[in-house]
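Secondary and tertiary structure notes
Listed here are the chains, written in short residue letters.
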Amino acid sequence: MLTTYGVPKLKYLSVHEKPAARVSVDPSVCTTIELLAAVIGGANQIEIAESLLAHFNGDLHRMRQASVAELLVIPGIGESTAAALRAAFALSSRLKSAELTGINGPSDIAKLCEDMSAFDQEHLRVIMLNTRNRVLGMEDVYKGSVNMTQIRAGELFRPAIRANASAVAFAHNHPSGDPSPSPDDAAVTRALVQAGKLLEIAVIDHLVIGHGKWQSLRQKGIGFDGCY
């Protein structure tokens, strides 16, 4: 899309006031617009950052989940900029998993999945662990209604197999905000646990994420034998 801007706002800023310079000094004090502008780059980075944030009503969770096609409808954003934005969000997620060195219980899993509470569709996430329950990585492996009529349990272990993980934890969100497990959630959990046994990859838990709250199916005794 061809977009015509007036004089770029960047031109009116001193060198030290420009987003890239401010991020270089201390990104923690930068505004969201400044952080986005530094990622976007170019003469009209501030205007594009403002349009991007306005498009998602300031909701960074929605922005993080946006596809390249969704980002390309925003004036000034091309494929390379869309890729850069998605890369920045992906790095943020990986940093979060790296900072949490080990999983000691469901609350640690919930911390890794806080962003899922804002999703408007169900996502199923796998968190991959080594023999000491340290996080190797995580990946959203499914998007849509989480039930056994639409997913194949074995396919959900592919990221864990690639990562040579010894154990996994699963989490999915309820867009309604209510984390109460459904009968489908119970069926999926039983299937995942059984598939994990066949693959010799332990399933340590399956969390349901709601709006600001969560439930552990292992703690509730749904689909699991024993506890942590």
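These remarks concern the structure in this document. This is a predicted model, so every value here is computed, not measured. (Residues numbered from 1 in each chain as written. Predicted model: local features only at pLDDT ≥ 70, side-chain atom pairs only at ≥ 80, totals over all residues. Heavy atoms only, no water.)

**Some points on the pairing of strand β4 (residues 202-209)**
By the criterion of burial, β4 is predominantly enclosed, with seven of the eight residues buried. As judged from the seven bridges shared by strand β3 (residues 167-173) and β4, these two strands associate in the parallel manner. Counterpart to H172 in the pairing with β4 is V208. You can see the chain leave β3, run along helix α9 (residues 183-199) and come back into β4, and the turn it takes is right-handed. Counting the residues that bridge the hairpin from β4 to strand β5 (residues 214-216) gives four residues, and of these G212 lies at a positive phi of roughly 75°. (Buried < 20%, exposed > 50% of the residue type's maximum accessible area, 1.4 Å probe, protein only. Helix = DSSP H or I, 4+ residues; strand = E, 2+ residues; numbered from the N terminus. Pairing = 2+ DSSP bridges. Right-handed = clockwise from strand over helix to strand, strands pointing away.)

**As for the nonpolar core**
Counting 21 residues, the largest nonpolar core has L156, F157, V168, F170, L192 and V203 as the members making the most contacts within it. Looking at this core, the elements that each hand over two or more residues are β1 (123-129), β3, α9 and β4. Broken down by element, the residue count for this core peaks at four residues, all from α9. Setting aside its immediate chain neighbours within four residues, L192 contacts A153, L156, F157, F170, V203 and H206. Within the second largest apolar cluster, 18 residues are counted, among which are A37, L52, L53 and M63. (Core = buried A, V, L, I, M, F, W, Y, C linked by side-chain atoms within 4.5 Å. Contact = heavy atoms within 4.5 Å.)

**Side note on the packing of helix α2 (residues 32-40) against helix α3 (residues 45-55)**
Packing of α2 against α3 leaves a shortest axis separation of 8 Å and a crossing angle of 120°. The angle between the axes of α2 and α3 places the two elements in the oblique class. Seen from above, α2 lies across α3 with right-handed handedness. Across the interface between the two elements, T32, I33, L36, A37, A38 and I40 from α2 touch Q45, I46, I48, A49, E50, L52 and L53 from α3. (Axes fitted to C-alpha atoms, helices over the stretch in contact; angles between N-to-C directions. Parallel < 35°, antiparallel > 145°, perpendicular 65-115°, else oblique. Left-handed = near helix turned anticlockwise from the far one by under 90°.)

**Here's the deal with the sheet that holds strand β2 (residues 135-143)**
Read from one edge of the open sheet, five strands run β2-β1-β3-β4-β5, paired in mixed fashion. Edge positions in the sheet fall to β2 and β5, since each has one partner strand and no second. Here the average twist between neighbouring strands, direction ignored, is 20°. Judged from the seven bridges that link them, β1 and β2 form a sheet pairing that is antiparallel. Pairing of L124 across the sheet is with Y142, part of β2. Across the sheet, α9 is in contact with β3 and β4; its angle to β4 comes to roughly 160°.

**Some points on the layout of surface pockets**
In this structure, the largest pocket spans a volume of roughly 620 Å³. R64, A90, S93, M138 and D140 are the residues nearest the centre of the largest pocket, which is lined by 22 residues in total. At the level of secondary structure, the elements contributing two or more residues to the lining of the largest pocket comprise α4 (60-65), α6 (79-99), β1 and β2. Its residues placed into classes, the lining of the largest pocket shows nine nonpolar, six polar and seven charged. When its volume is computed, the second largest pocket comes out at roughly 460 Å³. Lining the second largest pocket are 17 residues, and of these L60, R64, A88, F89 and S92 lie nearest its centre. Contributions of two or more residues to the lining of the second largest pocket are made by α2, α4 and α6. (1 Å grid on protein atoms, 1.4 Å probe; cavity = no way out; pocket = protein on both sides within 12 Å on 5 of 7 lines; lining within 4 Å. Points joined across faces, edges and corners; volume = space filled by probe spheres on them. Nonpolar A, V, L, I, M, F, W, Y, C, P; charged D, E, K, R; others polar.)

**Comments concerning unusual backbone geometry**
The phi angle at N133 is positive, at roughly 60°, despite the residue not being glycine. Despite not being glycine, E200 has its phi angle at roughly 60°, a positive value. With respect to the element layout, E200 can be found in the loop between α9 and β4.

**Things to note about the environment of R86**
Structurally, the position occupied by R86 is in helix α6. Counting along the chain gives 21 residues from R86 to Q65, while the straight-line C-alpha distance between them is 8.5 Å. Apart from the residues lying within four places of it in its own chain, the contact partners of R86 are A66, S67, V68 and L71.

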